[in-house]
Amino acid sequence: MKLKDKVALITGGSSGIGRAAAVAMAREGAKVALTARRAERCQEAVDEIEGMGGEALALPGDVADAEHVEALVAATVERWGRLDIVVPNAGINGVFAPIEDITPAEWDQTQNINVRGTFLTVKYAIPHLRAAGGGSIVVVSSVNGNRIFSNFGFTSYSCSKAAQVTFAKMAAVELAQWDIRINVVCPGWTKTSIGENTFARDIDKIKIPREYPEGMVPLQQRPASCEEVANAILFLASNDASYVTGTEIYVDGALSLFQG
Ligand SMILES: NC(=O)c1ccc[n+]([C@@H]2O[C@H](COP(=O)([O-])OP(=O)(O)OC[C@H]3O[C@@H](n4cnc5c(N)ncnc54)[C@H](OP(=O)(O)O)[C@@H]3O)[C@@H](O)[C@H]2O)c1
């Protein structure tokens, strides 16, 4: 029970990596608040955690909406009296397209959810992490924008994922005075539902053909499971990482070293 009596807030906790992190943290004794836009999927995650004997609450909404994020943090603290762990994980791939074809609205949607959502989640959590005497924030970024720059059409997504890492490094220095750690997990190819929010358009117009040999992930030639990514989040969230802040952990089976 590495997180006994801790309170964790996870955005995008209804699916994929966020849901696996929510379940993993609940198993380690944390009480878990989560959000995502689709209420029924939030409820499924709450049911799963309660079915394990854990405690969870969900407040569905959009992480790009400041009022929603503020209300989510407030509801969490109202229910359990504190906040210790924050995982800004909610994200979309959005529209993958040539730069000249991406519309300003498409660009903004990706930035708003991935970057503004991270900022809002951390911003509203800080007073409560300070009140708890410290805490741990684990941002879910990506290999894209940090080690991989060769996925055609991913420009808005990659910029958003790079911004999350810079945000975490700035925040690590600023928040250290209150014993708040902030780190980043950069997953590679992971089996989740992210394909549902991925829209590729006209990528062939810009693609430079490349050939990867069979089995392009060096380690075990397979995607990560959500649980494997969640294990890294759990490590950074827990006291096992008590002196780790401002750093990234790549969970990608060396894909980015091979493909980057
Ligand atoms: N899967 C991969 O291969 C991979 C690789 C690298 C990084 N990542 C990162 O991992 C994170 C989690 O993605 P995933 O792969 O687990 O995808 P996923 O299964 O689609 O989960 C994404 C979660 O975020 C929520 N979400 C999306 N937009 C939201 C918004 N505006 N407000 C609130 N919640 C929102 C989704 O719920 P709703 O749609 O109902 O809102 C869902 O709960 C993302 O930041 C992604 O960039 C994934």
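So, here is what we can say about the structure in this document. (Residues numbered from 1 in each chain as written. Predicted model: local features only at pLDDT ≥ 70, side-chain atom pairs only at ≥ 80, totals over all residues.)

### Thoughts on the environment of leucine 57
Logical step 1: Tracing the backbone through its elements, the reader meets leucine 57 in strand E3 (residues 56-58).
Logical step 2: The class of leucine 57 is buried, set by 20 C-beta atoms lying within 10 Å.
Logical step 3: Every residue in contact with leucine 57, bar those within four places of it in the chain, is listed here: Ala33, Val46, Ala75 and Arg79. (Helix = DSSP H or I, 4+ residues; strand = E, 2+ residues; numbered from the N terminus. Buried ≥ 20, exposed ≤ 12 C-beta atoms within 10 Å, placed from the backbone. Contact = placed C-beta atoms within 7 Å.)

### Focus on the pairing of strand E1 (residues 7-11)
Logical step 1: Along E1, five of the five residues are buried, which leaves the element largely enclosed by surrounding structure.
Logical step 2: Neither face of E1 is exposed, since Val7, Leu9 and Thr11 on one face and Ala8 and Ile10 on the opposite face are all buried.
Logical step 3: Taken together, the five bridges between E1 and strand E2 (residues 31-35) define a ladder with parallel strand orientation. Paired with leucine 9 across the strands is alanine 33, a residue of E2.
Logical step 4: For the crossover that starts at E1, traverses helix H1 (residues 16-27) and ends in the parallel E2, the hand is right-handed. (Pairing = 2+ DSSP bridges. Right-handed = clockwise from strand over helix to strand, strands pointing away.)

### Quick look at the nonpolar core
Logical step 1: Counting 68 residues, the largest nonpolar core has Ala8, Ala21, Met25, Val32 and Ile233 as its most contacted members.
Logical step 2: Ignoring sequence-local partners within four residues, the contact set of alanine 8 consists of Leu3, Met25, Ala30, Val32, Asp84, Ile85, Val87 and Ala237.
Logical step 3: In terms of nonpolar packing, the next biggest core, distinct from the first, is built from five residues, Val95, Ala97, Phe154 and Tyr157 among them. (Core = buried A, V, L, I, M, F, W, Y, C linked by C-beta atoms within 7 Å.)

### So, the sheet that holds strand E7 (residues 180-187)
Logical step 1: The strand order across the open sheet formed by seven strands is E3-E2-E1-E4-E6-E7-E9, and the pairing between neighbours is parallel. Lying at the two open borders of the sheet, with one neighbouring strand each, are E3 and strand E9 (248-251). Strand-to-strand twist across the sheet, computed as the mean angle between neighbouring axes with direction ignored, equals 15°.
Logical step 2: Sheet topology note: the E2/E3 ladder contains three bridges and is parallel. Directly across from alanine 33, in E3, lies its bridge partner leucine 57. (Axes fitted to C-alpha atoms, helices over the stretch in contact; angles between N-to-C directions.)

### A short note on the pairing of strand E6 (residues 135-140)
Logical step 1: Extensive coverage of E6 is indicated by the burial of six of its six residues.
Logical step 2: Across the two faces of E6 the burial is the same, with Gly135, Ile137 and Val139 and Ser136, Val138 and Val140 all buried.
Logical step 3: Summarising the sheet, strand E4 (residues 85-87) and E6 pair through two bridges and their orientation is parallel. Considered in E6, the bridge of valine 86 is made with isoleucine 137.
Logical step 4: Pairing geometry for E6 and E7, over six bridges, is parallel. Bridge assignment links valine 139 to a residue of E7, and that residue is valine 184.
Logical step 5: Running through helix H5 (residues 155-175), the crossover from E6 to the neighbouring parallel element E7 is right-handed.

### Quick look at the site of the ligand
Logical step 1: With respect to spatial proximity, 30 residues lie near the ligand, and among them Gly12, Gly16, Arg37, Gly91 and Thr192 are the closest.
Logical step 2: Counting residues per element, the shell around the ligand draws most heavily on H1, at three residues.
Logical step 3: Looking at the shell around the ligand residue by residue, the class counts come to 11 nonpolar, 14 polar and five charged. (Near = placed C-beta within 6 Å. Nonpolar A, V, L, I, M, F, W, Y, C, P; charged D, E, K, R; others polar.)

### Here we look at helix H6 (residues 226-237)
Logical step 1: Counted at 1.5 Å a residue, the expected span for H6 with its 12 residues is 16 Å, and the 16 Å between its end C-alpha atoms agrees.
Logical step 2: Where H6 is concerned, the buried positions are Cys226, Val229, Ala230, Ala232, Ile233, Leu234, Leu236 and Ala237.
Logical step 3: Tucked into the core, H6 has its buried residues touching E1, H1, E4, E6, E7 and E9. (Expected span 1.5 Å × (residues − 1).)

### Details of the environment of tyrosine 212
Logical step 1: Residue position: tyrosine 212 is located in the loop between strand E8 (198-200) and H6.
Logical step 2: Residues tyrosine 212 and phenylalanine 258, spaced 46 residues apart in sequence, show a C-alpha to C-alpha distance of 9.9 Å.

### Concerning helix H3 (residues 66-80)
Logical step 1: Between its first and last C-alpha atoms H3 spans 22 Å; for 15 residues at 1.5 Å apiece the expected length is 21 Å, and the two agree.
Logical step 2: If you check which residues of H3 are buried, you get Val69, Leu72, Val73 and Thr76. Angular distribution of buried residues about the axis of H3 spans 90°; they occupy a single face of the element. Residues of H3 that are exposed and point more than 90 degrees away from the buried face comprise Glu67 and Glu78. (Arc of directions from axis to C-beta.)

### A short note on the packing of H3 against helix H4 (residues 104-131)
Logical step 1: Running from N to C, H3 and H4 point in directions that differ by 35°, and their axes come no closer than 9 Å. H4 is crossed by H3, and the crossing has right-handed handedness. Of the residues in H4, those in contact with Ala66, Val69, Glu70, Val73 and Val77 of H3 are Leu120, Thr121, Tyr124, Ala125 and His128.
Logical step 2: Taken together, the residues of the contact of H3 with H4 sort by class into seven nonpolar, two polar and one charged. (Left-handed = near helix turned anticlockwise from the far one by under 90°.)

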